[in-house]
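Understanding the architecture of this molecule
Letter by letter, the chains look like this.
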Amino acid sequence: MKSYNPTPEIKIGLDFGTGLIPVGRLASRDHKTYFEYDASFIKRGLEISPIRLPLKSGLASFDYALFEGLPGVFNDSLPDGWGRLLFDRALRSLGVMLSSISALDRLAHVGANGMGALVYEPDHSQIEADGSLSLDQLSEQAQDVMMDGRSEDVLQLLLGLNGSSAGARPKALIGVDKLKQNISHGVRDLPEGYEPWLVKFANTHDGPDAGAIEYVYAQMAKEAGIHIPDVHLFPARHGAGYFAIKRFDRDGQRRFHMHTACGLLHSDFRIPSLDYEDLLALTGILTRDVREIEKMFRLAVFNVMAHNRDDHAKNFSYLMDEEGKWSLSPAYDLTFSSGPRMEQSTTVMGEGKCPTVEHLQKLGEEAGLSKVQIAAIIEQTKTALSRWIERAKECGVSAVNIDLIGKKLSEHK
């Protein structure tokens, strides 16, 4: 096995689409990682991670046990699940020992292609991918990699297409034209008239209608008043289609800084410990806007009533613009799912196994929402979810899943 030439230091910047702003640097010494803000960035007053990495001079370091010693804001840039699997297999195919790879090496791989506005130097990210592949080909190659690995060229291709997107399901960053008839594969320099999207493929545990289920959930969430980016169900050679969603960290050339609740709070998403009461409080602290708090409450109501139990800390994000203004990001990863021990990953007023409408009402009251607001949000969500059977049939969801999910959704009628 080959050793890997380590990355001793990472320079970090912000790019909102108008040029690079130096933020600070990360360095590793004696198996410990240190971070220091640039003095010029401190003067700007932009808080990229106000809770765990507030603006101040001097060195900061963190426990290696969580995020491999990285501050949560930079750990948010790293892919997990599918993206990490691809990176590790690509290294193994080159004969590199994974034990020699540090978190700084992984950030160098992200480079300027991460989600959000953070960029990292040196930039070892992959070369732009070939735009001639179809979604069916990408899906088949992803399945092959999950089953038994593939040749180095296929791994490098999929790695380049993944960017730094998180989550367990295989996915690719693509460009889509306004009519959703043409697709460009890759991360950088999209053709004129194309917008950045993310497309998902089934993993080994998903059925052929997983994409259609997530698409229907996105439609129901929109009807429930939740802010969802544009979504589309691309046709597939096998199965009901590929779910795709427009990236919300980009708006033309403009980029937004993106930070998950997991990274903000240094909460390990693999060990559920958050309650929606925590997320509502976090939303209030960051945004100082009751309208954003209401958005988070709507999301809590939908996740509970729609049986989306994989609502862990990485599935809630916040966006910051170039002026330092924070807002709750559009919702994502909404689908029928089971959480740890069949419970909500994020509890509702302490209840995870069987949260009820009464728990949601109490949650809303604790957040300062009126009883009229709370009742209206719950009723709107019920109405949206009542469309499940009709929408699922239209999108090719299997009869078995229509019945299974329909029974779960009816529990909160």
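Before any of the text, the structure's been laid out above.
As the structure is a prediction and not an experimental result, all values here were calculated from the model.

This next bit is on helix α3 (residues 82–93). Given a rise of 1.5 Å per residue, 12 residues ought to cover 16 Å, and the 16 Å separating the end C-alpha atoms of α3 matches this to within 8%. Here α3 has its buried residues at Trp82, Gly83, Leu86, Phe87, Asp88, Ala90 and Leu91. Positive backbone phi, approximately 80°, marks Gly95, located one or two places after α3.

Within the largest apolar cluster, 96 residues are counted, with the highest numbers of intra-cluster contacts made by Phe74, Phe302 and Trp388. Take this core: its biggest share by element is nine residues, from helix α10 (residues 290–305). Once residues within four sequence positions are removed from consideration, Phe74 is found in contact with Ile12, Leu26, Phe35, Ile48, Leu53, Leu107, Leu118 and Tyr120.

Quick look at the pattern of salt bridges now. The final tally for this structure, using the stated rule, is 20 salt bridges. A salt bridge links Glu68 to Arg84; the nearest nitrogen and oxygen atoms lie 3.4 Å apart. Within this pair, whereas Glu68 is found in the loop between β4 (60–61) and α2 (72–75), its partner Arg84 is found in helix α3, the two being separated by 16 residues in sequence. Of the residues examined, Glu68 reaches a relative accessible area of 21% and is grouped as partly exposed. Judged by its relative accessible area of 28%, Arg84 is partly exposed.

Considered for burial, the residues of helix α11 (residues 357–366) that qualify are Val357, Leu360, Leu363 and Gly364. Each buried residue of α11 sits inside an arc of 115° when the element is viewed along its axis, so together they form one side. Opposite the packed face of α11, turned more than 90 degrees from it, sit the exposed residues Glu358 and Glu366. On its buried face, α11 sits against α9 (276–287), α10 and α12 (371–385). Directly after α11, the chain includes Gly368, whose backbone phi takes a positive value near 90°.

Rules of the game
- Residues numbered from 1 in each chain as written.
- Predicted model: local features only at pLDDT ≥ 70, side-chain atom pairs only at ≥ 80, totals over all residues.
- Heavy atoms only, no water.
- Helix = DSSP H or I, 4+ residues; strand = E, 2+ residues; numbered from the N terminus.
- Expected span 1.5 Å × (residues − 1).
- Buried < 20%, exposed > 50% of the residue type's maximum accessible area, 1.4 Å probe, protein only.
- Core = buried A, V, L, I, M, F, W, Y, C linked by side-chain atoms within 4.5 Å.
- Contact = heavy atoms within 4.5 Å.
- Salt bridge = Lys/Arg side-chain N within 4 Å of Asp/Glu carboxyl O.
- Arc of directions from axis to C-beta.

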